[in-house]
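As a plain string of letters, each chain reads:
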Amino acid sequence: MNNTNKLKIFNDPIYGFITIPNEGIYDILEHPYFQRLRRISQMGMSYLVYPGAHHTRFHHALGCMHLMRKSIEVLRFKGVAINEEEENALLIAILLHDIGHGPFSHAMEHSIVENIDHEWISLRFMEALNQEFNQSLTLAIKIFKGEYHRKFFKQLIASQLDIDRLDYLKRDSFYTGVAEGNINSERIISMLNVANDELVIEQKGIYSVEKFLVARRLMYWQVYLHKTSLGAEQLLIRVLKRAKELVARGEKLNASEALHFFLNHQVTTTSFDTDVLKRFSNLDDIDVLAAMKSWKNHPDFVLQNLCSMLLNRDLLKVKLKNKPIGKKKLAAKKESLMQKYGISAHEAEYFVFHGKVSNLAYDNHQAPIKIMYKNHKIKDVTEASDQLNLKALATPVLKYYICYPK
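Quick look at the structure, then. (Residues numbered from 1 in each chain as written. Predicted model: local features only at pLDDT ≥ 70, side-chain atom pairs only at ≥ 80, totals over all residues. Heavy atoms only, no water.)

## Side note on the overall build of the chain
In step 1: If you tally the helices and strands in the chain, you get 19 helices and 9 strands.
In step 2: Here the chain has a C-alpha radius of gyration of 23 Å; the compact-globule value for 406 residues is 22 Å, and the two agree.
In step 3: Its C-alpha atoms give the chain principal-axis dimensions of about 70 × 60 × 35 Å.
In step 4: The buried share of the chain, taken over its 406 residues, is 55%.
In step 5: A total accessible area of about 18900 Å² is found for the chain, and carbon and sulfur atoms account for 51% of it.
In step 6: Each charge class in the chain was averaged separately, 54 positive and 45 negative side chains, and the resulting centres sit 8 Å apart. (Helix = DSSP H or I, 4+ residues; strand = E, 2+ residues; numbered from the N terminus. Rg over C-alpha atoms; globule rule 2.2 N^0.38 Å. Buried < 20%, exposed > 50% of the residue type's maximum accessible area, 1.4 Å probe, protein only. Areas by Shrake-Rupley, 256 points an atom, 1.4 Å probe, with all protein chains shown as cover. Lys, Arg positive; Asp, Glu negative; His and termini not counted. Charge placed at Lys NZ, Arg CZ, Asp CG, Glu CD.)

## A short note on a positive patch on the surface
In step 1: There is a patch of like positive charges on the surface, built from Lys227, Arg313, Lys317, Lys319, Lys321, Lys323, Lys329 and Lys406.
In step 2: The element contributing the most residues to the positive patch is strand 5 (residues 317-321), with 3 residues. (Patch = residues over 30% accessible without salt bridge, like charges linked within 9 Å, V, L, I, M, F, W, Y side chains within 5 Å. Salt bridge = Lys/Arg side-chain N within 4 Å of Asp/Glu carboxyl O.)

## Observations concerning unusual backbone geometry
In step 1: At serine 105, a residue that is not glycine, the phi angle is positive and equals roughly 50°.
In step 2: The residue serine 105 is located in the loop between helix 4 (84-95) and helix 5 (118-132) in this model.
In step 3: By relative accessible area, which is 2% here, serine 105 ends up buried.
In step 4: The backbone phi angle of aspartate 197 is positive, close to 65°, even though this residue is not glycine.

## Digging into the side chain of glutamate 202
In step 1: Locating glutamate 202 in the fold gives a position in strand 4 (residues 198-202).
In step 2: Within polar-contact distance, the side chain of glutamate 202 engages the side chain of lysine 78 at 3.1 Å.
In step 3: With residues up to four places along the chain from it excluded, the contact list for glutamate 202 reads Lys78, Met191, Leu192, Asn193 and Met372. (Polar contact = N/O pair within 3.5 Å; in protein donor to acceptor, adjacent residues only side chain to side chain. Contact = heavy atoms within 4.5 Å.)

## With respect to the pattern of salt bridges
In step 1: This model, assessed by the stated rule, comprises 17 salt bridges.
In step 2: Close ionic contact of arginine 242 with aspartate 300 constitutes a salt bridge, the shortest N to O distance being 2.8 Å. One end of the pair, arginine 242, is in helix 11 (residues 227-248); the other, aspartate 300, is in the loop between helix 14 (285-295) and helix 15 (301-311), with 58 residues separating them in the sequence. Aspartate 300 shares its class with arginine 242; the two are buried.
In step 3: Between arginine 279 and aspartate 275 there is a salt bridge, with its nearest N and O atoms 3.2 Å apart.

## Notes on empty space enclosed by the protein
In step 1: Applying the stated rule across the entire model yields 2 cavities of 30 Å³ or more.
In step 2: Of the pockets and cavities examined, the largest cavity occupies roughly 110 Å³.
In step 3: If you go around the largest cavity, the residues you meet are Gln155, Ser159, Gln160, Leu161, Leu192, Leu199, Val200, Ile201, Ala367, Pro368, Ile369 and Lys370.
In step 4: At 3 residues, the largest contribution of residues to the lining of the largest cavity is made by strand 4.
In step 5: Each pocket or cavity is described by its volume, and for the second largest cavity that value is around 50 Å³.
In step 6: Contributing to the lining of the second largest cavity are Gly100, His101, Gly102, Met108, Glu109, Ile112, Val113, Asp117, His118, Ile121 and Phe280.
In step 7: When its residues are assigned to classes, the lining of the second largest cavity shows 5 nonpolar, 4 polar and 2 charged. (1 Å grid on protein atoms, 1.4 Å probe; cavity = no way out; pocket = protein on both sides within 12 Å on 5 of 7 lines; lining within 4 Å. Points joined across faces, edges and corners; volume = space filled by probe spheres on them. Nonpolar A, V, L, I, M, F, W, Y, C, P; charged D, E, K, R; others polar.)

## Notes on the sheet that holds strand 7 (residues 370-372)
In step 1: Strand order across the open sheet formed by 4 strands is 3-4-7-8, with mixed pairing between neighbours. With one partner strand each, in any of the chains shown, strand 3 (192-195) and strand 8 (378-380) form the two edges of the open sheet. For this sheet, the mean inter-axis angle between neighbouring strands, taken without regard to orientation, is 45°.
In step 2: Bridging between strand 3 and strand 4 involves 4 bridges; their strand directions are antiparallel. For asparagine 193, the partnering residue across the bridge sits in strand 4 and is valine 200. (Pairing = 2+ DSSP bridges. Axes fitted to C-alpha atoms, helices over the stretch in contact; angles between N-to-C directions.)

## Observations concerning the packing of aromatic side chains
In step 1: Evaluated as defined, the whole model comprises 15 aromatic pairs.
In step 2: Here the aromatic rings of tyrosine 33 and phenylalanine 125 are separated by 4.9 Å at their centres, their planes lie at 65°, and the arrangement is edge-to-face. Within this pair, whereas tyrosine 33 is found in helix 2 (residues 32-35), its partner phenylalanine 125 is found in helix 5, the two being separated by 92 residues in sequence. For the pair tyrosine 33 and phenylalanine 125, a shared accessibility class is recorded, and that class is buried.
In step 3: Centroid distance tryptophan 120 to phenylalanine 272: 5.4 Å. Interplanar angle 85°. Geometry classified as edge-to-face. Highlighted residues: tryptophan 120 in helix 5 and phenylalanine 272 in the loop between helix 12 (257-264) and helix 13 (274-280), separated in sequence by 152 residues.
In step 4: Linked through ring pairs, Tyr33, Trp120, Phe125, Phe261, Phe262, Phe272 and Phe280 together constitute an aromatic cluster.
In step 5: Between the NZ or CZ atom of lysine 241 and the centre of the ring of tyrosine 350, over which it lies, the distance is 5.4 Å. (Phe/Tyr/Trp six-rings, centres within 6.5 Å; stacked < 30°, edge-to-face > 60°. Lys NZ or Arg CZ within 6 Å of the ring centre and 35° of its normal.)

## Focus: the sheet that holds strand 6 (residues 353-359)
In step 1: As summarised here, the arrangement of the 3 strands in space is 5-9-6, forming an open sheet in which the pairing is antiparallel. The open sheet has two edge strands, strand 5 and strand 6, and neither has a second partner. Averaged over all adjacent pairs, the angle separating strand axes in this sheet is 25°, with direction ignored.
In step 2: Where strand 5 and strand 9 (residues 397-404) come together, 5 bridges link them in antiparallel fashion. For lysine 319, the partnering residue across the bridge sits in strand 9 and is isoleucine 402.
In step 3: Its contacts with the sheet put helix 10 (residues 206-224) on strand 6 and strand 9, and the angle it makes with strand 6 is roughly 165°.
In step 4: Against the sheet, helix 16 (residues 327-341) contacts strand 5, strand 6 and strand 9, and its axis sits at roughly 25° relative to strand 9.

It is worth stressing that arrangement in space is one thing and function is another; only the former is reported here.
Rendered as structure tokens:
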């Protein structure tokens, strides 16, 4: 192809102009594996509740890279030595941290493949790109896996206050219009420092961290665990489950080549080879949407109805409770559906089901967020904060849901 100018600029609605730091990173951005992220929605089915939530993993990855550059600048300014090779590896690692997401991001994480999470697939993509790009991602992979000797590098990519969260909370709050999630990521980044090879936040940044934790909790209840998008994601999982069931019975279903492969094969970590990775890289939201548009006319009662419900936003009723759902209630709902449509108990279970969700803004069992005082003393944020509610945020809140036809 032609030798174009590789130091382009992206215009991001949140941070303004984002520049591409070097040609190596430009080549990664241009790769079909990365371009695929333009067709993977960041927030699964949330657009059925918040119509603006149509942003993609591509947006998020670029935003993360931008924030990582800012963080490196701040840390260097405070005397933390980060050489050029390390900087480049950090940028690549954060850019590719979500490249393994499948269609609709988390909504279908364990549906397309069997019990494989997106981090595992991200690593496979990174290894494949490393081979293609002359081993130039070796250090990035080492950091991503947490094997690099500088501990705080991994914390920048995955911890309780990492670049990933700083971008997605702000971005998702912007695109959904839910103001409660709008955190001050710039302020938090300007308060970053390193002590004993660990990431710390300087004392002056404590209120921004409190705001971040509260925002995270509110975004989970208001957006990520919103009962309607929860119900919609469950329907999407069931569409794929039913499709796989019908294919296993020998039924023919219209689907793209990539989706067809995953409907016909049970893919586990052992069978996930380069061929499967190639097929996975051809899979995105569009395959699933196109399949549902075709399947809504399928003679199978379950598949047809599940697809129509999602496409026309005629969803199940979802109720959230503080205590587990009674078996009697569930059985009664199932029974009435079986009577009404003359379907089997197995088929009714696709439309009447229950589950639970938990919201934990701050996990005491993970490495804590550390606050560093002027005298260099270090405390866990729950100790340092005068906000009583931070301790409460460290307690998981469980809610139980039941879904059934209106």
